[in-house]
Amino acid sequence: MGEEGQVISCHTLEAWNEQMQKGNNDTNKLIVVDFTASWCGPCRFISPFLAELAKKLPTVTFLKVDVDELKTVATDWAVEAMPTFIFLKGGKILDKVVGAKKDELQQTIAKHMNASSTA
């Protein structure tokens, strides 16, 4: 699978829905969604860090959504600040980190990678 080890940008609603469908089918796979914007300084700051995490953690799916490209998705997920990271497993929201907080982001990923699914 060519998507492992990288951050997948969802530029269309179709691409987003496809990734969500994949995630819903695999209830043990952690998905980290980065809601970002091209004009957002902290988003640009955290972006290389996210790419590094994606390389180190091929079992986690990292998605990137530009809130200006996919306004409906950002609205559906009640994203009010950038960057917002939402953690999903089996289509359910597990957690949320708002802001470019490297440590908190890393700790939250570790916490949910190790937690077995209680579905």
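Just above, that's the structure.
In short, a report on the structure. (Residues numbered from 1 in each chain as written. Predicted model: local features only at pLDDT ≥ 70, side-chain atom pairs only at ≥ 80, totals over all residues. Heavy atoms only, no water.)

What the rule picks out here adds up to two aromatic pairs. When the ring of Trp 16 is compared with that of Phe 35, the centres are 6.2 Å apart and the planes differ by 55°; the resulting orientation is tilted. Here the residue Trp 16 occupies a position in helix α1 (residues 13-25), and Phe 35 occupies one in strand β2 (residues 31-36), the gap between them amounting to 19 residues. By way of ring pairs, the aromatic residues Trp 16, Phe 35 and Trp 77 are connected into one cluster. (Phe/Tyr/Trp six-rings, centres within 6.5 Å; stacked < 30°, edge-to-face > 60°. Helix = DSSP H or I, 4+ residues; strand = E, 2+ residues; numbered from the N terminus.)

Most of strand β4 (residues 84-89) is tucked away: six of the six residues are buried. Every second residue of β4 is oriented toward a common face, with Thr 84, Ile 86 and Leu 88 on one face and Phe 85, Phe 87 and Lys 89 on the other, all of them buried. Sheet analysis places β2 next to β4, joined by five bridges and oriented antiparallel. By the bridge assignment for β4, Phe 35 is matched with Thr 84. Pairing geometry for β4 and strand β5 (residues 92-98), over six bridges, is antiparallel. The residue of β5 that forms the bridge with Phe 87 is Asp 95. From the end of β4 to the start of β5, which pair antiparallel, there are two residues, and Gly 90 there has a positive phi angle of about 60°. (Buried < 20%, exposed > 50% of the residue type's maximum accessible area, 1.4 Å probe, protein only. Pairing = 2+ DSSP bridges.)

Counting buried positions over the six residues of strand β3 (residues 61-66) gives six, a clear majority of the element. Taking every second residue as pointing to the same face, both faces of β3 are buried, with Thr 61, Leu 63 and Val 65 on one and Phe 62, Lys 64 and Asp 66 on the other. Pairing geometry for strand β1 (residues 7-10) and β3, over four bridges, is parallel. Note on β3: the bridge partner recorded for Ser 9 is Lys 64. The parallel pair β2 and β3, bridged by helix α2 (residues 41-56), forms a crossover whose chirality is right-handed. (Right-handed = clockwise from strand over helix to strand, strands pointing away.)

Before going further, it helps to spend a moment on the sheet that holds β3. The mixed open sheet is built from five strands, whose spatial order is β1-β3-β2-β4-β5. Both edges of this open sheet fall to β1 and β5, since each of them pairs with a single strand only. Averaged over all adjacent pairs, the angle separating strand axes in this sheet is 25°, with direction ignored. Where α2 meets the sheet, its contacts fall on β1, β2, β3 and β4, and the angle it forms with β3 comes to roughly 155°. (Axes fitted to C-alpha atoms, helices over the stretch in contact; angles between N-to-C directions. Contact = heavy atoms within 4.5 Å.)

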